[in-house]
Amino acid sequence: MAKIGVIGAGSWGIALAWLLMNNGHEVTVWSVIESEIEMLKANHEHKDKLPGVKLQDDMQFTTDLEGACKDKDLLVLAVPSIYTRSTAASMKNFVKEGQLITSVAKGIEEKTLMRLSEIIEQEIPQSVVTVLCGPSHAEEVGRGLPTICAVGAKKKADAEFVQNIFSSKVFRVYTTPDMLGMELGAALKNVVALAAGMADGMGFGDNTKAALITRGMAEISRLGIAMGGHAATFSGLTGIGDLIVTCASRHSRNRMAGFLMGQGKSADEAMTEVKMVVEGVYCAKAAEKLAEKYNVEMPIVKEVNEILFNNKSPRESLTDLMMRDRKSEIGDLWT
Ligand SMILES: NC(=O)c1ccc[n+]([C@@H]2O[C@H](COP(=O)([O-])OP(=O)(O)OC[C@H]3O[C@@H](n4cnc5c(N)ncnc54)[C@H](O)[C@@H]3O)[C@@H](O)[C@H]2O)c1
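Everything quoted here is computed from the prediction, not taken from an experiment. Per-chain numbering applies: the sequence of each chain, read as written, is numbered from 1 onward. pLDDT decides what is reported in this predicted model: residues at 70 or higher carry local features, side-chain atom pairs at 80 or more are listed and counted, and totals for whole chains, interfaces and linings draw on all residues regardless. Side-chain figures throughout are based on the complete set of non-hydrogen atoms in the structure, without hydrogens or water.

A.B. asks: With reference to specific residues and values, describe the overall build of the chain.
C.D. replies: Segments assigned H or I by DSSP are reported as helices when at least four residues long, segments assigned E as strands when at least two residues long, and all are numbered from the N terminus. Broken down by element type, the chain carries 16 helices and 8 strands. In this treatment the radius of gyration is a C-alpha quantity, and the globule benchmark scales as 2.2 Å times the residue count to the 0.38 power. Compactness check: the chain gives a C-alpha radius of gyration of 20 Å against a globular reference of 20 Å for 335 residues, within 12% of the reference. A principal-axis box enclosing the C-alpha atoms of the chain has dimensions of 60 × 40 × 35 Å. Burial classification: accessible surface area is computed with a 1.4 Å probe over protein chains only, and a residue below 20% of its type maximum counts as buried, one above 50% as exposed, and the rest as partly exposed. Within the span of the chain, comprising 335 residues, buried residues form 56% of the whole. Residue contacts are defined here by distance: any two heavy atoms, one from each residue, within 4.5 Å place the two residues in contact. Within the chain, contacts between residues separated by at least 24 positions form 70% of all contacts whose residues are at least 6 apart in sequence. Throughout, the Shrake-Rupley method with a 1.4 Å probe supplies accessible areas, and for residues the shown protein chains are the sole cover considered. Taken as a whole, the chain presents about 15300 Å² of accessible surface, with 50% of it coming from carbon and sulfur. In the chain, the 37 positive side-chain charges and the 42 negative ones have mean positions that sit 2 Å from each other. The convention is simple: Lys and Arg are positive, Asp and Glu are negative, and His and the chain ends are not counted. A single reference atom marks each charge: NZ on Lys, CZ on Arg, CG on Asp, CD on Glu.

As structure tokens, then:
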């Protein structure tokens, strides 16, 4: 049995807390929002973010960040990526030397182009950061539906420690040293999911969706490999696996926001209607900047930015994507 602090009480933090309690661990969930903690204490259910998932009676809830971080075998950082830096900075003084932290959010910081694990390392230099991601919607993990993810770490022993903590008969975990590839795939798939949602919103079919998924993955892996990620990571759980689930699932808020834009709503209107943080919108600019920095062609990412920030219509973007220069699918096969 391990003592675990889950930092962040949104859908994902709550689903993972439920899973970890089922695995026999002692779990304390922290949120910055007082009313959220009061609601969780009173109902043992997050009625807004994960309705229908009854949380264990002995799960602890707190707004005391020091208490949530102290004397823990593992801290799971589960706030949305736009709050990763501020939350990590607030945790710093309560985190012991060598503390294992598992980052489970998805994003790239627009200003610095840093991955979330890098941000946590910068804000809490005494910690040892690991990453957990893969095709995993909270709504399904919270119902015990079979799910497989990957955990990344610099040291194999740390990855295996986290793997053992999360693994169960409904949640299988693989290990990998490729944190960069994992985090890049996890963050950038949200941008492609916006495009996939737009295609759905415009009434297109399975052909279009499959094309966006495969060409989207081609872009993500081109960038990821240029940045130093391993090619195989992009055909794995945190690459194509996560991209498929995000582009196809009714649970995906990025796909839903895209769907609304495909139906003619503006980005702002779509985000208001989805009511949750749409991380693909924050990540889109970062992805475009990374593409420029590493001199990698990312046409879908470019068009999503045009739609989000330059008022281009999804239909116009689609035509421009279809009418790009004619190319071979895999260039170096001809050489
Ligand atoms: N929901 C999923 O299925 C899922 C699955 C895998 C990964 N993720 C990733 O996990 C992260 C969290 O996702 P989520 O679905 O839980 O998001 P969410 O929108 O449900 O999270 C909202 C929660 O964030 C916390 N929060 C709000 N404002 C805050 C602030 N200013 N500072 C700190 N915390 C604040 C609160 O606990 C709030 O309930 C995201 O990066 C997401 O991509 C989500």
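A.B. asks: So what's going on with the packing of helix H8 (residues 179-201) against helix H11 (residues 237-248)? Residues and values would help.
C.D. replies: Describing two packed helices takes the angle between their axes plus the distance from one axis to the other. Note on method: axes are straight lines fitted to C-alpha atoms, helices fitted across the in-contact stretch only, with angles between N-to-C directions ranging 0 to 180 degrees. Packing of H8 against H11 brings their axes to within 8 Å, and their N-to-C directions diverge by 30°. On the basis of their axis angle, the class for H8 and H11 is roughly parallel. Of the two elements, H8 crosses H11, and the hand of that crossing is right-handed. Here Met182, Gly185, Ala186, Lys189, Asn190, Val192, Ala193, Ala196 and Asp200 of H8 come into contact with H11, specifically with Thr238, Asp242, Leu243, Thr246 and Cys247. Only Asp, Glu, Lys and Arg are considered charged in this grouping, and only Ala, Val, Leu, Ile, Met, Phe, Trp, Tyr, Cys and Pro are considered nonpolar; every other residue, Gly among them, is considered polar. In terms of residue class, the contact of H8 with H11 is made up of 7 nonpolar, 4 polar and 3 charged. Roughly parallel here means an angle under 35 degrees, roughly antiparallel means over 145, roughly perpendicular means 65 to 115, and every remaining angle is called oblique. Should the near helix be turned anticlockwise from the far one by less than a right angle, the crossing is termed left-handed; should it be turned clockwise, right-handed.

A.B. asks: Lay out the pattern of salt bridges in plain terms, naming residues and giving numbers.
C.D. replies: The rule for a salt bridge is simple: a side-chain nitrogen of Lys or Arg has to be within 4 Å of a carboxyl oxygen of Asp or Glu. This model, assessed by the stated rule, comprises 18 salt bridges. Measuring nitrogen to oxygen at the nearest pair gives 2.7 Å for the salt bridge that ties Arg85 to Glu109. Linking Arg85 in helix H4 (residues 84-91) with Glu109 in the loop between strand S5 (100-103) and helix H5 (116-123), this pair joins segments that are 24 residues apart in sequence. There is no split in this pair, since Arg85 and Glu109 are both buried. Between Glu160 and Lys156 there is a salt bridge; the shortest N-O distance is 4.0 Å. Here Glu160 pairs with Lys156, and both are found in helix H7 (residues 156-166), just 4 residues apart, close to one helical turn. In this structure Lys156 comes out as exposed when scored by relative accessible area, which is 59%.

A.B. asks: An account of a nonpolar patch on the surface is needed here, citing residue identities and associated values.
C.D. replies: A contiguous nonpolar surface patch, about 280 Å² in accessible area, is contributed by Ile82, Tyr83 and Tyr282. Structurally, the position occupied by Ile82 is in the loop between strand S4 (74-77) and H4. Patches draw on residues past 30% relative accessible area with no salt bridge. Two like charges within 9 Å are joined, as are two nonpolar side chains (Val, Leu, Ile, Met, Phe, Trp, Tyr) within 5 Å.

A.B. asks: Let's hear about the side chain of Asn254: which residues, and what values?
C.D. replies: Tracing the sequence through the fold places Asn254 in helix H12 (residues 253-262). Apart from residues no more than four positions distant in its own chain, Asn254 is found in contact with Asn190, Ala193, Leu194, Val278, Glu279 and Gly280.

A.B. asks: Got a sec to walk through the site of the ligand? Specific residues and values, please.
C.D. replies: Near the ligand there are 23 residues, and of these Trp12, Glu36, Ala138, Arg253 and Glu279 occur at the shortest range. Polar contacts, as used here, are pairs of N or O atoms within 3.5 Å; protein pairs need one atom able to donate a hydrogen and one able to accept it. Residues neighboring in sequence count only if both atoms are side-chain atoms. For the ligand, an oxygen atom lies 2.4 Å from a polar atom in the side chain of Glu279. For the shell around the ligand, a count of residues per class yields 11 nonpolar, 7 polar and 5 charged. We call a residue near a given molecule or strand whenever any one of its heavy atoms falls within 4 Å of it.

A.B. asks: Kindly report on unusual backbone geometry, identifying the contributing residues and their values.
C.D. replies: Glycine aside, a negative phi is what most residues show, and trans is what most peptide bonds show. Of note in this structure, Asp71 is not a glycine but carries a positive phi near 55°. Structurally, the position occupied by Asp71 is in the loop between helix H3 (65-69) and S4. For Leu113, which is not a glycine, the phi torsion comes out positive at approximately 60°. Structurally, the position occupied by Leu113 is in the loop between S5 and H5.

A.B. asks: Give me the packing of helix H9 (residues 206-227) against helix H15 (residues 299-309): which residues, what numbers.
C.D. replies: At a minimum axis separation of 8 Å, H9 and H15 run at an interaxial angle of 105°. Judged on the interaxial angle alone, H15 and H9 are roughly perpendicular. Together, Leu212, Arg215, Gly216, Glu219 and Arg222 of H9 and Pro299, Ile300 and Val301 of H15 make up the contact between the two elements. The residue makeup of the contact of H9 with H15, split by class, is 4 nonpolar, 1 polar and 3 charged.

A.B. asks: Kindly report on the pairing of strand S2 (residues 26-30), identifying the contributing residues and their values.
C.D. replies: Of all the 5 residues making up S2, 4 are buried; the element is thus mostly covered by neighbouring parts of the structure. Handedness of a crossover is defined as follows: orient the strands so they point away from the viewer, and if the path from the first strand over the helix to the second runs clockwise, the crossover is right-handed. For the handedness criterion, the β-α-β arrangement of strand S1 (residues 3-7), helix H1 (residues 11-22) and S2 is classed as right-handed. When DSSP locates at least two bridges between a pair of strands, those strands are taken to pair. Pairing analysis gives 3 bridges linking S2 to strand S3 (residues 60-62), with the strands arranged parallel. For Val29, the partnering residue across the bridge sits in S3 and is Phe61.

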